[in-house]
Amino acid sequence: MADAEPDIPSHYAAALKVLEDLNPKPVIALDLDYTTRQVLEFCAENDIVLTICSRSPDIQVVEQIMQAFGIWEWFLFPQVYYKRKTFHFRNLTEATGFKMRDFLFFDDEPSNISMCGRMGVNACLVDKETGLNWDTLIRGLQSYREKLLCRKSFSGWVATGESPTNSPLVDEGGEDTDGSVTIT
């Protein structure tokens, strides 16, 4: 008889379910305020590229703190300097070759979400009281998935010239919807 599968917490399983539909996976960019270690561990365990976009004025202090927690090495090209988040994303795209749309950005400042969203970054507002918790991560991943599906559907439509009848942008009556996703 096979061993029973370990009981996976429901929030972990829910995030994993959304993640399995994502190809490519997002690059998750974080402003480290209000971020839980469990969410970071989930990302690391599931080969999600992580990066930091922080306006902290001292990268050495941030690095020392994160090394003390054993998580500094989890982050690719950390952007820790006192400039707008838009500069962080420009540097990340130049350094990595990723496109703005490849990022899923979590931040607690509405102005950062708005500015980065206008640049094409998938941006999700983090509640300062609850932080980047499982619900927020899942909501962000779902939004990223919906936008990815829309892009793929649109690309297929452009390539074939046929209407995407199975698109998430077409309701059951065949009418187009706007496909917008609001994250608050």
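Throughout this description, residue numbers start from 1 for each chain and increase along the sequence as written. Thresholds applied to this predicted model are a pLDDT of at least 70 for local features of residues and 80 or more for the giving and counting of side-chain atom pairs; totals over whole chains, interfaces and linings are not thresholded and use all residues. Side-chain calculation: all heavy atoms of the structure are included, whereas hydrogens and water are not.

1. What about a nonpolar patch on the surface?
Okay, step 1: A cluster of nonpolar side chains, contributed by Val61, Ile65 and Phe69, occupies part of the molecular surface with about 290 Å² of accessible area.
Okay, step 2: Note on classification: 1.4 Å probe, protein chains only; a residue is buried when its accessible area is under 20% of the maximum for its type, exposed when over 50%, partly exposed between these limits. A residue is classified by how much of its surface remains accessible, and Phe69, at 54% relative accessible area, is exposed. Patch definition: residues above 30% relative accessible area lacking any salt bridge, with like charges linked at up to 9 Å and the nonpolar side chains Val, Leu, Ile, Met, Phe, Trp and Tyr linked at up to 5 Å. Computed with a 1.4 Å probe, the accessible areas rest on the Shrake-Rupley method; for each residue, only the protein chains presented here act as cover. Each reported salt bridge corresponds to a side-chain nitrogen of Lys or Arg within 4 Å of a carboxyl oxygen of Asp or Glu.

2. Let's talk about the pairing of strand S4 (residues 103-107)
Okay, step 1: Most of S4 sits out of view: 5 of its 5 residues are buried.
Okay, step 2: Labels follow the DSSP assignment, with helices taken as runs of H or I lasting at least four residues and strands as runs of E lasting at least two, numbered in each case from the N terminus. Burial of the side chains of S4 extends over both faces: Phe103, Phe105 and Asp107 are buried on one face and Leu104 and Phe106 on the other.
Okay, step 3: In this structure, S4 lies alongside strand S5 (residues 122-125), joined through 4 bridges in parallel fashion. By the bridge assignment for S5, Asp107 is matched with Leu125. Strand pairing follows a simple DSSP-based rule, namely that at least 2 bridges must link the two strands.

3. Overview of the environment of Leu40
Okay, step 1: Turning to its location among the elements, Leu40 is positioned in helix H2 (residues 37-45).
Okay, step 2: Separated by 12 residues in the primary sequence, Leu40 and Ile28 place their C-alpha atoms 9.8 Å from one another.
Okay, step 3: Contact definition: two residues touch when any of their heavy atoms are within 4.5 Å. If we skip the residues at most four places from it in the chain, Leu40 touches Leu30, Thr35, Leu50, Ile71, Trp74 and Phe75.

4. Regarding H2
Structurally, the α-helix is built with 3.6 residues per turn, so residues lying three or four positions apart point the same way.
Okay, step 1: Val39, Leu40, Phe42 and Cys43 are the residues of H2 that are buried. The buried side chains of H2 occupy one side of the element, clustering within an arc of 155 degrees when seen end-on.
Okay, step 2: Remark: Asp47 follows H2 within two positions and exhibits a positive phi of approximately 55 degrees. Arc, as used here, means the arc of the directions from the helix axis to the C-beta atoms.

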